[in-house]
Amino acid sequence: MNDAETIRYHAARDGRPAELDLLDQTKLPGTLTRLVCTDIDQTHDAIRRLVVRGAPAIGIAAAYGVTLTPVDLSPSADLTEAKNRYRQSIDHLATSRPTAVNLFWALDRMRALVDQSVGSVTDLRDQLVTEAIRIHDEDRQMCRSIGANGAPLLARCRRVMTHCNAGSLATSMWGTALAPMYHLHEAGQTLEVFADETRPLLQGARLTAWELHQAGIPVTVCTDSMSGSLMREGKVDAVIVGADRIAANGDVANKIGTYPLAVLARYHKIPFYVAAPTNTFDAELDSGDGIPIEQRSADEVSYPCGTNAPRQTPEGVPVVNPAFDVTPAELVTALVTEKGVISAPNTEKVLSHLRA
Ligand SMILES: CSC[C@H]1O[C@H](OP(=O)(O)O)[C@H](O)[C@@H]1O
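Along each chain, the written sequence defines residue order, and numbers are assigned to residues from 1. Given that this is a predicted model, residues contribute local features only at a pLDDT of at least 70 and side-chain atom pairs are listed and counted only at 80 or more, while totals for whole chains, interfaces and linings are drawn from all residues. Hydrogens and water molecules were not included; the side-chain quantities draw on all heavy atoms of the structure.

Student: Talk me through the site of the ligand; I want residue IDs and the actual numbers.
Tutor: In the vicinity of the ligand there are 18 residues, among which R53, R97, D244, N254 and K255 approach most closely. With respect to the ligand, the side chain of N254 contributes an N or O atom lying 2.5 Å from an oxygen atom. Shrake-Rupley sampling with a 1.4 Å probe provides the accessible areas, and residues are treated as covered by the protein chains on show and by no other component. Summarising the interface, the protein chains cover 100% of the accessible area of the ligand, which totals 410 Å² for the free molecule. In this description a helix means any DSSP run of H or I spanning at least four residues, a strand means any run of E spanning at least two, and both kinds are numbered starting from the N terminus. Among the elements of the structure, α2 (55–66) and β9 (252–255) are those that each provide at least two residues to the shell around the ligand. Counted by class, the shell around the ligand contains eight nonpolar, six polar and four charged residues. Domain boundaries shown here were taken from an automatic or database domain assignment. Taken domain by domain, the shell around the ligand gets at least three of its residues from each of domain 1 (7–140) and domain 2 (149–355). In this text, near means that some heavy atom of the residue lies within 4 Å of the molecule or strand in question. What qualifies as a polar contact is a pair of N or O atoms within 3.5 Å, subject to a donor-acceptor requirement within protein and to the restriction that residues adjacent in sequence count only when both atoms come from side chains. The classification used treats Ala, Val, Leu, Ile, Met, Phe, Trp, Tyr, Cys and Pro as nonpolar, Asp, Glu, Lys and Arg as charged, and all other residues, Gly among them, as polar.

Student: Now, about the UniProt feature "site: Transition state stabilizer" (unreviewed entry) in the protein chain: what can you tell me, with residues and values included?
Tutor: The sites that carry the UniProt feature "site: Transition state stabilizer" (unreviewed entry) are, in the present numbering, C164. The topology assignment puts C164 in the loop between β4 (159–162) and α6 (179–186). UniProt positions are given in the numbering used here, feature names are shortened, and annotations may be inferred rather than shown by experiment.

Student: For the side chain of H163, give the residues involved together with the corresponding values.
Tutor: Note on placement: H163 falls in the loop between β4 and α6. Classification of H163 as buried rests on a relative accessible area of 1%. In terms of polar contacts, H163 uses its side chain to reach the side chain of D196, at 2.9 Å. Engagement of the side chain of H163 in a polar contact is seen with the backbone oxygen of I256, the distance being 2.8 Å. The contact definition used throughout considers only heavy atoms, calling two residues in contact when any of these lie within 4.5 Å. The contacts of H163, once residues within four sequence positions are left out, are D196, T198, D224, I240, V241, K255, I256, G257, T258 and L261. When accessible area is computed with a 1.4 Å probe and restricted to protein chains, residues below 20% of their type maximum are described as buried, those above 50% as exposed, and intermediate ones as partly exposed.

Student: Talk me through unusual backbone geometry; I want residue IDs and the actual numbers.
Tutor: Cis geometry is adopted by the peptide bond preceding P29, which originates at L28 and carries an omega value of 5 degrees. Looking at where P29 falls in the secondary structure, it is placed in the loop between β2 (19–23) and β3 (34–37). A cis amide bond links R199 with the next residue in sequence, P200, at an omega value of 0 degrees. Among the structural elements, P200 can be located in the loop between β5 (192–196) and α7 (203–215). With a phi angle near 70 degrees, T198 is a residue other than glycine that sits in the positive phi range.

Student: Would you mind going over the pairing of β2 in detail, with residue names and values included?
Tutor: Here β2 lies mainly inside the structure; five of its five residues are buried. Here β2 shows a buried face lined by E19, D21 and L23 and a second buried face lined by L20 and L22. Two elements, strand β1 (residues 7–10) and β2, share four bridges in a ladder whose sense is antiparallel. Of the residues in β2, the one forming a bridge with Y9 is L20. DSSP bridges decide pairing: two strands pair if at least two such bridges lie between them. In the sheet, β2 pairs with β3 via four bridges, with the strands oriented antiparallel. Among the inter-strand pairings, L22 is bridged to a residue of β3, identified as L35.

Student: Residues and numbers for the sheet that holds β3, please.
Tutor: The three strands are arranged β1-β2-β3 in an open sheet whose pairing can be described as antiparallel. The two strands at the open ends of the sheet, each matched to only one other strand, are β1 and β3. Neighbour-to-neighbour, the strand axes of this sheet turn through a mean angle of 20 degrees, independent of strand direction. Helix axes use the C-alpha atoms of the stretch in contact, all axes being lines fitted to C-alpha atoms, and the angles between their N-to-C directions lie in the range 0 to 180 degrees. α2 contacts β1 and β2 of the sheet and is inclined by roughly 10 degrees relative to β1.

Student: Tell me about the pattern of salt bridges, residues and numbers included.
Tutor: When a carboxyl oxygen of Asp or Glu lies within 4 Å of a side-chain nitrogen of Lys or Arg, that pair is called a salt bridge. Under the counting rule described, the total for this entry stands at 22 salt bridges. Between D91 and R111 there is a salt bridge, with the nearest N and O atoms lying 3.1 Å from each other. Here R111 lies in helix α4 (residues 101–116) and D91 lies in helix α3 (residues 79–93), a separation of 20 residues in the sequence. Using a relative accessible area of 41% as the deciding quantity, one classes D91 as partly exposed. Its relative accessible area of 24% is what places R111 among the partly exposed residues. Across the pair R125 and D126 runs a salt bridge, and its minimum N-O distance is 2.7 Å. Counted as one network, the salt bridges with shared partners bring together R48, R97, E294, R296 and E300.

Next comes the structure, spelled out in structure tokens:
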């Protein structure tokens, strides 16, 4: 079994409880360690602390998390009580992080099963396990489709830049932004990649660089502040990033630092692509103005090497730490989904794509 697999699940068996088995991404790249969750609070904490992270992976983990709810499975078990327990778990997991819409998309699928179930509690539990596994399996196919759809956009590139981590570690496999790179690599065309370090949590330096290096794809870490100069020096042929929520008009919420990257790409006439499955789109939102932006602890900025290391900001000086920013659709050359490519996205094109 691949010890670097982002998410594994072990259904309850032989008296052992179900287990959500996560690669602990807070420990990468230094150590490969796994965190096993057996209840809702542990799952909530794992999502909150970015043990598991990335919009699709958060949704998959939350779906599996719901199945960890302790319910009476005896023949006389009360279905209504079990349903209420599952609903409480779903509501709690929905508070773990606010921006990635995949979390709520996945939880809504689990909630629908709870609402419509009429069999025994064991039947409901089994249906929820099956649905979580289905969500996981669907994501594998979505990543491969995004890889195939995005590959032609990068096929004429030599060097591409990406921000944060939208790869295997953020999904079931391959990722979204990194999926076209893996697709091309499998086809014998290997791109060179610049991975933006992505302060403050360094998902680019710690995670993207790690997974691409493991895969044999040449990757160079650059600080976020180097991106513009690399573009100006003609060293970047395209930029491709992931997303956490995309509004109906094509505005994109993604890791903080994405917006300035898009502005730089436009200034340097470099294509700027966003890769995401259609379950990352929020068609209820007319624009990115309505996307909730997670505000995280100032300590993530003040203690970049952890709170056991010296702080890097003066005591008493305020620190802001929004985890995401919004890139206007006008700066997006194309959106890449499992269904295809939306060039120069706007509301009409996005909604038509989602309906197709
Ligand atoms: C494939 S979605 C990846 C997306 O999620 C990341 O955020 P976080 O690391 O805070 O979960 C980042 O925005 C990536 O683009």
